[in-house]
Amino acid sequence: MDPEIEQHLAAGRHDRAFDLVVGAYKDRVFRLALSIMKERAAAEDAAQEAFVRVWKALPRFDGRAALGTWIYAITRNTCLMELRRRRPTVSLDDPDSPDAQHAAAQIASGPAPDPERDNLLRLLGQLPRNQQEALRLFYLEDRSYEAVAESLGMPLGTVKNLLHRARKRLIELARPEEVKAA
Amino acid sequence: MKMVTLNGACEDYEFDVAELVDHTLAPEKARIVSLHIAGCARCRRWRDEYAAMDTRLAHALPKPRLAADFEWRLAARLRARPPAGRADTRAVAQREYAELMAGLRERLRSAAVGSIAGAIAAIGCVLAAMPVLIDHLHFSLDAQASSALFKIVTAGVTVAALAWSFGNGVLPGFRLRR
């Protein structure tokens, strides 16, 4: 933990500590939220909500877990709750379905059409959710295994394995499509 | 394109090839894996496929940056929250506790007033009855004295009971509870 944050927390200056926490963690929290929510606007909203929860709970933070681990756990829970809350209102039948993932990817991708990219995102949508989140986070975090492990609260070896299996599965999924295209 | 699958000895390198592509393999291990790849067409193809997928993913996945006004909006959101937020939880609990105690004190005060009124009424009745009793107890009680004594005692008990009931909120229509 940042020593300055630690000092403010120990002295009960929670508002000052919170200001420093936001500055230090906002980008990582946003990227973690983005890897789960998949849309920028939804990720920003979830990140805001996560920080509101951090603000409420900061006086009760006892330092048993690392501050970052604690903040990322709050962020993950906030995102998953938001996804559960949204589930009945999504117009597509199943938000985890490849079609829904593809639709979300298209919304996120903006107006410029890129069939290859869209196809890859559609294939990515076919992976299990934990593999998708790990992959998105890995590239958001500039290929840092450590950052992914910390954000997802997983051991480093588990993250490496997860990322490897995800990319291997994507290669396997892409092969028949490439054969068809050829 | 012919599908690449790693079997036998090459399978042992599969994970290492992935780490080689990610540049996270220890230098000595990277040298060993690179030597193997140089002499193994299957592993070379696997590495190329893996690296191509890595490049495609890096290109395809968006990397938006957080909006510049994120902190400003967060601060505004926190300012706009009702006081029952973080540190105010204790204040809310204290306010509820104070209201509860005030209610209890009010009830106790009403009960005390009622009890005192009842006691005064009872004492008053006894004092009022005393001269009559003294006058008549010298002699044996006749019917008239017994009747007067009975009426006085009855009235006293009734007043005392009414006062006690009022004070304790037992009497219908006179409950003091909020």
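These notes cover the structure that comes with them. (Residues numbered from 1 in each chain as written. Chains lettered and ligands numbered in written order. Predicted model: local features only at pLDDT ≥ 70, side-chain atom pairs only at ≥ 80, totals over all residues. Heavy atoms only, no water.)

### Regarding the overall build of chain B
And step 1. Helices and strands together make up the secondary structure of chain B, namely six helices and zero strands.
And step 2. In chain B, the order of α-helices and β-strands from amino to carboxyl end is α-α-α-α-α-α.
And step 3. A total of 178 residues make up chain B; the buried ones form 26% of that total.
And step 4. Within chain B, contacts between residues separated by at least 24 positions form 57% of all contacts whose residues are at least 6 apart in sequence. (Helix = DSSP H or I, 4+ residues; strand = E, 2+ residues; numbered from the N terminus. Buried < 20%, exposed > 50% of the residue type's maximum accessible area, 1.4 Å probe, protein only. Contact = heavy atoms within 4.5 Å.)

### Overview of the layout of surface pockets
And step 1. Of the voids in this model, the second largest pocket is the one considered here, and its volume is about 170 Å³.
And step 2. Every residue along the wall of the second largest pocket is listed here: Asp 27, Phe 30, Arg 31, Leu 140 and Asp 142 of chain A together with Lys 63, Pro 64, Arg 65 and Leu 66 of chain B. (1 Å grid on protein atoms, 1.4 Å probe; cavity = no way out; pocket = protein on both sides within 12 Å on 5 of 7 lines; lining within 4 Å. Points joined across faces, edges and corners; volume = space filled by probe spheres on them.)

### A closer look at the interface of chain A and chain B
And step 1. Opposite the 44 residues of chain A that make contact, chain B presents 33 residues.
And step 2. For the pair chain A and chain B, the summed buried area comes to about 4200 Å², and 60% of that belongs to carbon and sulfur atoms.
And step 3. By the criterion of area lost to chain B, the three top residues of chain A are Gln 48, Tyr 139 and Arg 175 of chain A, representing 17% of everything that side buries.
And step 4. Applying the counting criterion to the chain A and chain B interface returns 10 salt bridges.
And step 5. Note that Glu 44 of chain A is salt-bridged to Arg 73 of chain B, the shortest N-O span being 2.4 Å.
And step 6. Linking chain A with chain B are 19 residue pairs in polar contact (both at pLDDT 80 or more).
And step 7. Among the residues forming the side of chain A that touches chain B, the class breakdown is 21 nonpolar, five polar and 18 charged. (Buried area = accessible area lost by both parts, 1.4 Å probe. Salt bridge = Lys/Arg side-chain N within 4 Å of Asp/Glu carboxyl O. Polar contact = N/O pair within 3.5 Å; in protein donor to acceptor, adjacent residues only side chain to side chain. Nonpolar A, V, L, I, M, F, W, Y, C, P; charged D, E, K, R; others polar.)

### Remarks on the pattern of salt bridges
And step 1. Inspection of every chain in the model, using the stated rule, returns 23 salt bridges over all chains.
And step 2. Put simply, Asp 54 of chain B and Arg 143 of chain A hold a salt bridge, and the shortest N to O gap is 2.7 Å. Of this pair, Asp 54 of chain B sits in helix α3 (residues 41-60) while Arg 143 of chain A sits in the loop between α7 (129-140) and α8 (145-152), which puts the two residues in different chains.
And step 3. For Arg 143 of chain A, a relative accessible area of 33% corresponds to the partly exposed category.
And step 4. For Asp 69 of chain B, the salt bridge goes to Arg 73 of chain B, with nearest N and O atoms at 3.3 Å.

### Comments concerning the packing of helix α1 (residues 14-21) of chain B against α3 of chain B
Working note: a packed helix pair is described by the angle between its axes plus the distance between those axes.
Residue and element names in this part refer to chain B.
And step 1. Running from amino to carboxyl end, α1 crosses α3 at an angle of 45 degrees, the nearest separation of the two axes being 10 Å. One element, α1, and the other, α3, form an angle in the oblique class. At the point where α1 passes α3, the crossing takes the right-handed sense. Taking contact as the criterion, the partners of Glu 14, Val 17, Ala 18 and Val 21 in α1 are, on α3, Trp 46, Arg 47, Tyr 50, Ala 51 and Asp 54.
And step 2. Taken together, the residues of the contact of α1 with α3 break down into six nonpolar, no polar and three charged. (Axes fitted to C-alpha atoms, helices over the stretch in contact; angles between N-to-C directions. Parallel < 35°, antiparallel > 145°, perpendicular 65-115°, else oblique. Left-handed = near helix turned anticlockwise from the far one by under 90°.)

### Comments concerning the packing of aromatic side chains
And step 1. The tally for this structure, following the rule as stated, stands at seven aromatic pairs over all chains.
And step 2. Between Phe 18 of chain A and Phe 51 of chain A, the aromatic rings sit 6.4 Å apart at their centres with planes inclined by 80 degrees, giving edge-to-face as the arrangement. Residue Phe 18 of chain A is located in helix α2 (residues 14-37), and its partner Phe 51 of chain A is located in helix α3 (residues 40-57); the two are separated by 33 residues in the primary sequence. Here Phe 18 of chain A matches Phe 51 of chain A in class, with each residue buried.
And step 3. One aromatic cluster in this structure is built from Phe 18 and Phe 51 of chain A together with Phe 70 of chain B. (Phe/Tyr/Trp six-rings, centres within 6.5 Å; stacked < 30°, edge-to-face > 60°.)

### With respect to α1 of chain B
All names here are of chain B.
And step 1. Extensive coverage of α1 is indicated by the burial of seven of its eight residues.
And step 2. Buried within α1 are the following residues: Glu 14, Asp 16, Val 17, Ala 18, Glu 19, Leu 20 and Val 21.
And step 3. Looking one or two places after α1, you find His 23, whose phi comes out positive at around 60 degrees.

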